[in-house]
Amino acid sequence: MKIAVLGTGGGARAHTAKLRELGHEVYVGTRDVQATLARTSPDMMGNAPYPQFLAEHPGIALLSFGEAAAAADGVVINGIDGHNAVAALTAIADQLAGKTVIDYAVPFVYQHESEHPWPTPWGVMPKLEPCDTDSLGEQIQRALPDVKVVKSFVTQEQTTVVDPGSVGGGEHTMFVAGDHADAKQQATDLLKAYGWSDILDFGPLVCARGMEMYAHMHSAIGFGQQFGGHFGIKVVR
């Protein structure tokens, strides 16, 4: 397949490398191709400059968001940060029309003021916005009615999403939610190709709210084990 991955951060790189390993044609989208290629320092998360990643993974095309989306023949993975995702995707609505967008972004707002802040080793824990009565996944779907949005991947580190066997031999659960059965099947097929065997369909896209709000629980579990390694969650039924 021809699959687009929008974003060049650590999570997007994990999907890009795995998809290439699986034999797919991968088109990576970035806001500014020349700026991305010109970077010589690690990003804010410590990832190496993107030209180094491209050198280590030949055959990957780096394009603008719109060009990458247009090149995909059905599936686009959204790795754009949650704060900017709706605006960035809306700007390329024509190139996304009719395609499945698998969204794993978390709608974090950083450096916010809080009456009761949650201190972390890297500063105050970001807040979720939207939360409770809406979700980023739903906002994307409303903004792009001609796109089939699936919320998935979001309850794990993306390096674990593409390699579930690295935690507990793969004995943990991944979730999907969306309003289009065929799009959820595409996401499920991709997860199975990644190695997932326990995939739970939550039903409609409104359930993206639960997945996005889980982000704080994921952090809390990480704190509890002093970030001593990746972990999975298992729905026992």
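Once a new chain begins, its residue numbering starts again from 1 and follows that chain's sequence as written. At least 70 in pLDDT is required for a residue's local features to be given in this predicted model, at least 80 for side-chain atom pairs to be given and counted, and no such filter applies to totals for whole chains, interfaces and linings, which use all residues. Side-chain numbers here rest on the full set of heavy atoms in the structure, without hydrogens or water.

> Quick question: what am I supposed to make of helix H7 (residues 136-143) here?
One full turn of an α-helix is made of 3.6 residues, so residues set three or four places apart face in the same direction. Exposure classes here rest on a 1.4 Å probe applied to the protein chains alone. A residue is buried below 20% of its type maximum, exposed above 50%, and partly exposed in between. Every helix listed is a DSSP run of H or I at least four residues long, and every strand listed is a run of E at least two residues long, numbered separately from the N terminus. For H7, every residue scored as buried is listed here: Leu136, Gly137, Glu138, Ile140 and Gln141. If you follow the buried residues of H7, they end up packed against strand E4 (75-78), helix H5 (82-90), strand E5 (100-103), strand E10 (148-152) and helix H10 (208-224). Contacts between residues were defined by any pair of non-hydrogen atoms, one from each residue, lying within 4.5 Å.

> Sorry if this is basic, but what is going on with the sheet that holds E10 here?
Two pairing modes exist for strands in a sheet, parallel and antiparallel, and in both the strands are linked by backbone hydrogen bonds. Think of it this way: DSSP has to see at least two bridges between two strands before they count as a pair. Taken in spatial order, the eight strands make up an open sheet running E3-E2-E1-E4-E5-E10-E11-E12, and their pairing is mixed. This sheet does not close on itself; its edge strands, each paired only once, are strand E3 (61-64) and strand E12 (199-203). On average, each strand axis in the sheet is inclined to that of its neighbour by 25 degrees, with strand direction left out of account. Inspection of the sheet shows strand E1 (residues 2-6) paired to E4 by four bridges, in the parallel sense. Bridging across to E4, Leu6 finds its partner in Asn78. Sheet contacts for helix H9 (residues 181-194): E4, E5, E10, strand E11 (174-178) and E12; angle to E11, the most-contacted strand, approximately 165 degrees. For helices, the fitted axis covers only the stretch in contact; all axes are lines through C-alpha atoms, and the angles between them, taken along N-to-C directions, range from 0 to 180 degrees.

> How should I be thinking about unusual backbone geometry in this particular structure?
Most peptide bonds take the trans form, and the phi angle of most residues other than glycine is negative. Pro130 follows Glu129 through a cis peptide bond whose omega is 15 degrees. Inspection of the secondary structure assignment puts Pro130 in the loop between strand E9 (127-128) and H7. Within the chain, Asp132 stands out as a residue other than glycine whose phi angle is a positive 70 degrees. On the secondary structure map, Asp132 appears in the loop between E9 and H7. Unlike most non-glycine residues, Phe153 shows phi in positive territory, near 70 degrees. In this fold, Phe153 is placed in the loop between E10 and helix H8 (158-161). For Phe153, a relative accessible area of 0% gives the class buried.

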